[in-house]
Amino acid sequence: MLKRGIFLILFFIGALSAFAQEEPVAYTIGEKFNDKYRYSNMLAIADDGNEGTVVVRAYFTGIILRPKGYFIEHYNKDLELVSEYNYKLKDSNFIDAYVRNGQVYLLFLEYSYRNKSYQYEVHRSPFAQFQFTKETILSIESDPVEQPLDRNFYNRNFSSGFTTSVLFNDEKSAFAITTHYKKRKVDQHTIHVFNSNLTKLMEHDFSDEVEEKNYAFENIVFSKDLQNVYLVGKAYFKKKRFNATERKFQYEMVRISKDSRNIQSFYTPNKFPEALKPIFKGNELLCIGFYADRKDNRYNGISYFKLNPITLEMETNKFNPFSEQFMLDKFGREDDKAIKDLVFKGMDVTIDGNILFNAEEYFTSSSVQSNTSGGRVMVTRYHHNDIISAKLSTTGDLIWARNINKTEVTQGDGAYASYSAYTKDDITYFFISTSSENPQQLGDDRIMFKQGLSRNRNVFLIRLDEQGHMKYSKVIDDTEARLPLMVSEPCIDRVNNELIFYAKRGTKKQLVQVTVK
């Protein structure tokens, strides 16, 4: 009897150990804290350099919600709130925020009627002892225009007289500001480059290129020493005549340094590259994205380019079509379906030199609705749909591509929608927040994650292994984490394989730490 009891105990210990080994993540839910501002948007979440976390939010108050300032929170490694600061600032034209070098940086674009110029201003403060200072890092003479900041750089307006955009690298260690001023015979395009400390690294006159083409840069990468900047985007031809099968733009890469410049076109007959993203794989400069067989933005596969980092000479270009299995994963057996509106979310290089990346189908829609006072208002909705994940070999050949069916739409803070991805040991982990208790089974090993209707949200983990095989599990139940996670904007610690998520509803907030085993 005693032996049988010992056997049962050992059996249950073994079963629990096996279950624990199968569980791919562990999580810690921090304490709930009160918050003064019910309505806010996440702007930045970052490591404080000492295993803690800094969160920056813009908040809104009033009967008609208007931005009133910026709220900064500092948490320690135990997910405890150490300090918070209310930086009251009205009527500011916010661009971006980041946390580096023990400080919080807020970047704005303002117009000075006194100086008749647009000014890029940075407000910064140490988060150990908040005291914001303001400095102007760039000033460009211009008359005021309706929309100077081209937030949507996929549809640039070059006829307004002045247009500008800002591109940060993924690490937020440096950024470039492009300014394009046009008035009568003056047509000046300049690229200004800064590091995260706001030291100006270079200023490059790009005006001779805009005589023929207008540039709308979309992505950026820097060399390790920050001495070379690589911008990728669309070059729109001004006077060239086009056939019905051609587009009015082509993708190009521009490399600039303090004393030189190179340009490379990705033009290939009968192939139309889309959503290209530059990346360094060691010392190799790559540009990866999608492509279409015709000009209507229907993606047919994955494009891969390898370039010389100095001359930008094209060394390799490959076009990998999506497989029949991939299309079956995505659409089932329906015909005449198109893949489009893809936006990159992440790209990683494995130890073996393979490339794992993922993108999301993202688009907006608008409609007119009645408000409570009987008026009509335009409502914009943000759609975050399917996830596409792919693996390329060291030489750019497609190993596999998978589609994760998902449908989400939001009118408010997009941080709660979409997803986040983390790669470890050749396995990609996707975190999705949904009110549904389980994904919908579509048959043929296909599943669909839908938004659901409940206020509480579960967090699901989807794993794609080395061969692209998929598993999923619910890792955080809505009964455990009562506040919804801003699942698309984590703070990622790659050294400790940890992700910190911010969770908030109404006047309650907390942090949730997830460790990938």
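For the structure, see preceding data.
Residues numbered from 1 in each chain as written. Predicted model: local features only at pLDDT ≥ 70, side-chain atom pairs only at ≥ 80, totals over all residues. Heavy atoms only, no water.

Student: Please clarify how the pairing of strand E5 (residues 66-75) should be interpreted in this entry.
Tutor: For E5, a buried count of seven out of 10 residues is recorded, marking the element as mostly surrounded by other parts of the structure. Here nine bridges tie strand E4 (residues 53-61) to E5, and the two strands are oriented antiparallel to one another. By the bridge assignment, Thr-61 is partnered in E5 with Arg-66. The loop that links E4 with its antiparallel partner E5 comprises four residues; one of these, Gly-62, has a positive phi angle of about 105°. Pairing analysis gives seven bridges linking E5 to strand E6 (residues 81-88), with the strands arranged antiparallel. (Buried < 20%, exposed > 50% of the residue type's maximum accessible area, 1.4 Å probe, protein only. Helix = DSSP H or I, 4+ residues; strand = E, 2+ residues; numbered from the N terminus. Pairing = 2+ DSSP bridges.)

Student: Looking at this model, I keep getting lost on the packing of aromatic side chains. Mind explaining?
Tutor: In this description, a pair of aromatic rings is defined by centroid distance and the angle of the planes. One pass over the structure, following the stated rule, counts 32 aromatic pairs. When the ring of Tyr-37 is compared with that of Phe-71, the centres are 5.6 Å apart and the planes differ by 70°; the resulting orientation is edge-to-face. In this pair, Tyr-37 is assigned in the loop between strand E2 (33-34) and strand E3 (39-47) and Phe-71 in strand E5, connecting sequence segments 34 residues apart. Across the pair, Phe-71 and Tyr-37 agree in class, each one buried. Residues Phe-94 and Phe-108 carry aromatic rings whose centres are separated by 6.0 Å and whose planes lie at 75° to one another, so their mutual orientation is edge-to-face. Of this pair, Phe-94 sits in strand E7 (residues 94-100) while Phe-108 is found in strand E8 (residues 103-112), placing the two residues 14 residues apart along the sequence. Site record: aromatic cluster; members linked through ring pairs are Tyr-98, Tyr-105, Phe-168, Phe-175 and Phe-194. One Lys or Arg, Lys-234, reaches over the ring of Phe-249 and ends 4.8 Å from the middle of that ring. (Phe/Tyr/Trp six-rings, centres within 6.5 Å; stacked < 30°, edge-to-face > 60°. Lys NZ or Arg CZ within 6 Å of the ring centre and 35° of its normal.)

Student: Sorry if this is basic, but what is going on with the environment of Glu-121 here?
Tutor: Secondary-structure assignment places Glu-121 in strand E9 (residues 117-126). Distance from Glu-121 to Ile-95, taken between C-alpha atoms, is 10.0 Å for residues 26 residues apart in sequence. Those residues in contact with Glu-121 that sit more than four places away from it in its chain are Leu-106, Leu-107, Phe-108, Glu-110, Lys-134, Glu-135 and Thr-136. (Contact = heavy atoms within 4.5 Å.)

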